[in-house]
Structure formats: structure tokens, C-alpha cells
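Descriptive structure summary
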Amino acid sequence: RGLCPPPSFCPPCQLRTVTGNEFLLQSDQEATIQEWSRAIRGVIRRLVSAWRGRGGSAPWLPPISLPGPSVLSQSWCPSLPSPPPYQSSAFPPGPCTPLPVPFAPHQVPVLPHPSLPQRSPLPDQVFGCRLDALCQRESTTVPRFVRLCVEAVEERGLDVDGIYRVNGNLSVIQKLRFAVDREERLSLADPEWSDVHVVTGALKLFFRELPEPLVPYEFFNPFIEAVSKCPPEQVERVAELVKSLPPANYATLRYLLAHLCRVMERVDVNRMTRQNIGIVFGPTLLRPEREPGSLAAGMAQQNKAVELLLAHFDRIFPAPP
């Protein structure tokens, strides 16, 4: 954080078409990125012109008068001056230039055209799949990918400083994500996934992309209320809530927290205290359906809930008979 990425780093661009197809584009050549930008923007312009020529307003396409980035992200490259004014034919130079708005899926969602059929998830999709559906498809109570990641971390990551806190290379994480969705048999022992931070990053991404968090939305407020109670009552109420979770959610949460307890056992080496793990996993495992007015206060409670689950793991998750 606060450091400029190396010149060879270019964040990947994920595109989703109106028919639901997804593409991941990445290159370390600025000229190639500029060429892609011109080509894609040209197609968008032609589609919008054709649609408007038939009297439509094209609500399902991104707006065509799209400004490019005029200021560098201060959290990404704080020491660099502002670039020259953006020219529509190319990106402004510089390794830290973000992609234009139409290519950032988290900023501009592309809505499907009303006349086009909705595309259901790929049959073998792992990321973004409902937890219960994924477990049912795999005939298990804990997703296979979660088990693979946990086993890889416990094999080669428990002694790594800042495990789960340090981020892996984003482009490799995205590559792993696409590989998981397309390969029936994936081995994290492959040299391609040798960086354990890539494995932990992909695992966190898996939980963030669940349609509903591991602790479902309906449990969020009861969890936060339980954490706010006095200590003796806290654990009892949280244990009741955990026991009432859907089977796949309960089993996966128990499996993940048992692993995080083993991570904490090596705190003298990896420096992942209970508080640090709470900060990393609080907003990932417990999220409200609608963002609260005070994000800071909400995150503090989410972190505290994960810390409580870890501190009283044996009481909240009794060993099965």
C-alpha cells in the first residue's frame, strides 16, 4: 500500500458482455493496451450508433461519452504528478494508469438487454456459485477448492510472515480463479501457484464472490447484536446462531475457522494474531445486505465477531460425536 507497482505490472481487465460471456485481458505492453482500448471503444460506439439509429436508447450498453482517467489514484501512486489531459484515442502514458470506466466491472455494471436470455452460471463454475449448490454438485459439505487452499497453506504457509494479510499478485490470482472454473482437476502444487499469497488471495476472493456471505444476510444483525452482549451471554447466543446456519455454511465456517486457529498457533512466526485475522476475514465472512451508515463502526463489529468465533471455537463448534 502506498507504493507504485513495478512498470511491468498492468492490472487485468475483466469484461462481461451482454450475453454473459466473461473475458480476462492483460498485457505488459502499453501499446497493446492502447490498441485494445481503441478497438473495444470503437465497437461500443458502432453498437450505440446502430441502436440509436433504430430509435433505441441502448440502456443496456455503457454510455458512449466516457471520460478517461484524468487523475492517478492517490492510494496507488501517491508520489506521481497528474498526467496530461486524456486523449480519447489512447491511454495516457504511465504504468499506473487505470483502465477507462467502461472496462472496470466494479464501477459500471453492464446490464443485459431485456430481449436477451439470462445466462445461467457455467455448469462447473466455482467462483460466484451459491455455496449450497456447489456443495451439492460436489457431494460434499465443504467446497473442494476451499479444502485445496487450506491444505496448501498448512503445507507451506503457516510460517510465512503476514499470511492472509499480505496480498498476492492480482493477475496470478485472477488466472487461478479462471483455472478453477475451467479445470475439473486442479493441483495447487503446480509451480504456477507456488506463491502461497496467491493461494490465500484466491481463497479470500472465493468467499467475497459468494452470492451470499458465508454467514448469510439474515444472520448478520443477530450476529452483531450477539457480539454486543455481555461476555457470558455473548458466546451462548453466538453458538445458537452458528448451530442454526445451513449445513454447508456451518461445515465450511467450522473448517475455515479451525484452519485459522492453526494459523494463530504460529503467531510468533507469521504474526497473525486473532485481531489481525479478524480484520482480514471480518468483512469477508459477515456482510450486511445493505451498507450501513457508518462503515467503520460496522467493520469493527464484523471483526469482533470473527475474533469471538476464534477465541471460543471449541465451545461454539463442539466436536462431532
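The structure contained in this document is the topic of the report that follows. Numbering of residues starts from 1 in every chain and runs along the sequence as written. Reporting in this predicted model follows two pLDDT cut-offs: at least 70 for local features of residues, and 80 or more for side-chain atom pairs to be given and counted; totals over whole chains, interfaces and linings ignore these cut-offs and use all residues. Heavy atoms throughout the structure, all of them, feed into the side-chain values; hydrogens and water do not.

1. Details of the overall build of the protein chain
The condition that has to hold: For the purposes of this entry, the term helix denotes a DSSP run of H or I that reaches at least four residues, the term strand denotes a run of E that reaches at least two, and both are numbered from the N terminus. Only protein chains enter the accessibility calculation, which uses a 1.4 Å probe; a residue is then buried when its area is under 20% of its type maximum, exposed when over 50%, and partly exposed in between. Contacts were defined at the residue level, with two residues in contact if any of their heavy atoms lie within 4.5 Å. Every accessible area reported is derived by Shrake-Rupley at a probe size of 1.4 Å, with residue values counting cover from the shown protein chains alone.
Looking only at helices and strands, the protein chain has 12 helices and 2 strands in total. When its helices and strands are written in sequence order, the protein chain yields β-β-α-α-α-α-α-α-α-α-α-α-α-α. Split into buried and exposed, the 321 residues of the protein chain put 44% on the buried side. Long-range pairs, those at least 24 residues apart, make up 69% of the contacts in the protein chain with a sequence separation of at least 6. In the form shown here, the protein chain has an accessible surface area of approximately 17,500 Å², with 56% of it arising from carbon and sulfur atoms.

2. Observations regarding the pattern of salt bridges
For the record, the criterion: Each reported salt bridge corresponds to a side-chain nitrogen of Lys or Arg within 4 Å of a carboxyl oxygen of Asp or Glu.
One pass over the full model with this rule turns up 8 salt bridges. Here Arg-130 ties to Asp-132 by a salt bridge, and the two come within 3.4 Å at their closest N and O atoms. Looking at Asp-132, the relative accessible area reads 40%, which means it is partly exposed.

3. Concerning the environment of Asn-270
Test applied: In protein, a polar contact requires one atom able to donate a hydrogen and another able to accept it; more generally it is a pair of N or O atoms within 3.5 Å, and residues adjacent in sequence count only if both atoms are side-chain atoms.
Counting through the fold element by element, Asn-270 comes out in helix H9 (residues 267-270). Accessibility expressed as a relative area gives 0% for Asn-270, which makes it buried. Considered as a pair, Asn-270 and Asp-159 are 111 residues apart in the sequence and their alpha carbons are 5.3 Å apart. If sequence neighbours within four positions are ignored, Asn-270 has contacts with Leu-158, Val-160, Asp-161, Gly-162, Ile-163 and Val-263. Of note is the side chain of Asn-270, whose polar atom sits 2.8 Å from the backbone oxygen of Leu-158.

4. Observations concerning the nonpolar core
Here is the rule: Residues enter a nonpolar core if they are buried and are Ala, Val, Leu, Ile, Met, Phe, Trp, Tyr or Cys, with the set joined through side-chain atoms within 4.5 Å.
The biggest cluster of nonpolar side chains holds 71 residues, and the ones touching the most others in it are Tyr-164, Leu-188, Phe-206, Phe-207, Phe-223, Phe-281 and Leu-285. When residues in this core are grouped by element, the largest group, 11 residues, is from helix H8 (residues 247-264). Setting aside chain neighbours within four positions, we find Tyr-164 in contact with Val-153, Thr-200, Leu-203, Lys-204, His-259, Leu-260, Val-263, Met-272, Val-280 and Phe-281.

5. Quick notes on the packing of aromatic side chains
Using the following cut-off: Side-chain rings of Phe, Tyr and Trp, where Trp is taken by its six-membered ring, are said to pair if the distance between their centres is within 6.5 Å; with planes under 30 degrees apart they count as stacked, over 60 as edge-to-face, and otherwise as tilted. In this scheme, Lys NZ or Arg CZ marks a charge over a ring once it lies within 6 Å of the ring centre and within 35 degrees of the ring normal.
In total, this model carries 7 aromatic pairs according to the counting rule given. Taking 5.4 Å as the distance between ring centres and 55° as the angle between the ring planes, the aromatic pair formed by Phe-127 and Phe-145 counts as tilted. You can see Phe-127 sitting in the loop between helix H1 (30-53) and helix H2 (131-138) and its partner Phe-145 sitting in helix H3 (residues 144-156), a full 18 residues away along the chain. Phe-145 gets classed as buried once you look at its relative accessible area, which sits at 4%. By the ring-pair criterion, three or more aromatic residues cluster together here, those being Phe-127, Phe-145, Phe-206 and Phe-207. Arg-147 extends its terminal NZ or CZ atom over the ring of Tyr-255, reaching a point 4.8 Å from the ring centre.

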